[in-house]
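Coordinates in review
So the chains spell out like this:
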Amino acid sequence: MKGSRSTALAGVVESPVAVVAAPVESDAHALMRMIDRMSTDPNMTPERVAAMFEVKERFDAAEARKAFVAAMARFKSEPMEIVKRKLVSFTTRDGDTTSYKHAELADVTAVVCPAMAKHGLSHAWAVDQANAQIKVTCTVTHELGHSESVTLSGPPDGSGKKNAIQQVASTVTYLQRYTLLAICGLATTGMDDDG
């Protein structure tokens, strides 16, 4: 009897037990589940539910800010070179000739935009004109919603022989270029600050 039992067991092969890890719940999901449970509690007042949602909004904002900072750090580690290619030369009102090279706005965006997009970042400009000043704000936004901005302003560019509209357009383009460089913490190769 003993021998037949061991013979029967000899054909049994133990299969390994697969260990499946339980999915890890994110802090945001855990907080939402807690809010959901509390909102169904008959003793919960609307004010307390609203307060819980404010906590969730603050939590989301903090997470978005952290994601923005991490994305900007990764973006800035990208090898980027923005070269000044455009030669500008004009005669001033005093009769002197001014000449310099600069990177055009297209040169900046061609390098910056693809690198930003890889890390969930995008940018936009807002333009305002008042009291003979043009103000341009460049805002960089992360895909989770956190954004940061830089604003620069200046008068219409009266250099050369530009008409009034060209003077405004020149200043807008100039400020767009420099606000984007400033918010990204970048500089053009051999950049001329007097440009």
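Below you will find a few notes about this structure. (Residues numbered from 1 in each chain as written. Predicted model: local features only at pLDDT ≥ 70, side-chain atom pairs only at ≥ 80, totals over all residues. Heavy atoms only, no water.)

**Regarding the overall build of the chain**
Counting secondary structure elements, the chain contains five helices and five strands. Its helices and strands taken in sequence order, the chain reads α-α-α-β-β-α-β-β-β-α from the N to the C terminus. The buried share of the chain, reckoned over its 195 residues, is 25%. Expressed as a percentage of contacts within the chain between residues at least 6 apart in sequence, the contacts between residues at least 24 apart total 48%. Roughly 13100 Å² of accessible area belongs to the chain as shown, and the carbon and sulfur atoms make up 56% of that amount. (Helix = DSSP H or I, 4+ residues; strand = E, 2+ residues; numbered from the N terminus. Buried < 20%, exposed > 50% of the residue type's maximum accessible area, 1.4 Å probe, protein only. Contact = heavy atoms within 4.5 Å. Areas by Shrake-Rupley, 256 points an atom, 1.4 Å probe, with all protein chains shown as cover.)

**Section: the pattern of salt bridges**
The full count for this structure, using the stated rule, is four salt bridges. In this structure, the salt-bridge partner of Lys56 is Asp60, at a minimum N-O distance of 2.6 Å. With a gap of four residues between them, Lys56 and Asp60 both fall in helix H3 (residues 46-76), about one helical turn apart. Given a relative accessible area of 12%, Lys56 falls into the buried group. Between Lys66 and Glu63 there is a salt bridge, and its shortest N-O distance comes to 2.9 Å. (Salt bridge = Lys/Arg side-chain N within 4 Å of Asp/Glu carboxyl O.)

**Focus on helix H5 (residues 164-184)**
Relative to the 30 Å expected for 21 residues at 1.5 Å per residue, H5 spans 31 Å between its end C-alpha atoms, a close match to the ideal helical length. As for H5, its buried residues are in contact with H3, strand E2 (97-102), helix H4 (105-118), strand E3 (121-130), strand E4 (133-142) and strand E5 (147-154). Of the residues flanking the start of H5, the one acting as N-cap is Asn163, its side-chain oxygen 3.0 Å from the backbone nitrogen of Ile165. Phi turns positive, to about 70°, at Gly185, one or two residues after H5. (Expected span 1.5 Å × (residues − 1). Polar contact = N/O pair within 3.5 Å; in protein donor to acceptor, adjacent residues only side chain to side chain.)

**Considerations on the side chain of Thr171**
Within the secondary structure, Thr171 is located in helix H5. At 2.9 Å, the side chain of Thr171 and the backbone oxygen of Pro155 are in polar contact. Contact partners of Thr171, with chain neighbours within four places excluded, come to Ile134, Gly154, Pro155, Pro156 and Asp157.

**Some points on the nonpolar core**
One finds Phe75, Val112 and Leu121 to be the most contacted residues of the largest nonpolar core, which totals 18 residues. Counting residues per element, the ones that place at least two in this core are H3, H4, E4 and H5. Among the elements that make up this core, the one with the highest residue count is H5 (five residues). In this structure, Val112 is in contact with Phe75, Met80, Ile82, Leu180, Cys184 and Leu186, ignoring residues within four places of it in sequence. (Core = buried A, V, L, I, M, F, W, Y, C linked by side-chain atoms within 4.5 Å.)

**Let's talk about the sheet that holds E4**
The strand order across the open sheet built from three strands is E3-E4-E5, with neighbouring strands paired in antiparallel fashion. For this open sheet the edge positions go to E3 and E5, each flanked by a neighbour on one side alone. The mean inter-strand angle of the sheet, taken between neighbouring strand axes irrespective of direction, is 15°. Across ten bridges, the pairing between E3 and E4 is antiparallel. Looking at E4, one finds that Leu121 is bridged to His142. Helix-sheet contacts for H3 involve E3, E4 and E5, and the interaxial angle to E4 is about 100°. (Pairing = 2+ DSSP bridges. Axes fitted to C-alpha atoms, helices over the stretch in contact; angles between N-to-C directions.)

**Here we look at the pairing of E4**
Both E4 and E5 contribute to a ladder of eight bridges, which runs antiparallel. Paired with Cys138 across the two strands is Val150, which belongs to E5. In this antiparallel pair of consecutive strands, E4 and E5, the connection spans four residues, and Gly145 shows a positive phi of 110°.

**Focus: unusual backbone geometry**
Of all residues except glycine, most have a negative phi; of all peptide bonds, most are trans. In this structure, Asn131 is a non-glycine residue whose phi angle is positive, near 55°. You can see Asn131 is positioned in the loop between E3 and E4. With a relative accessible area of 76%, Asn131 lands in the exposed category.

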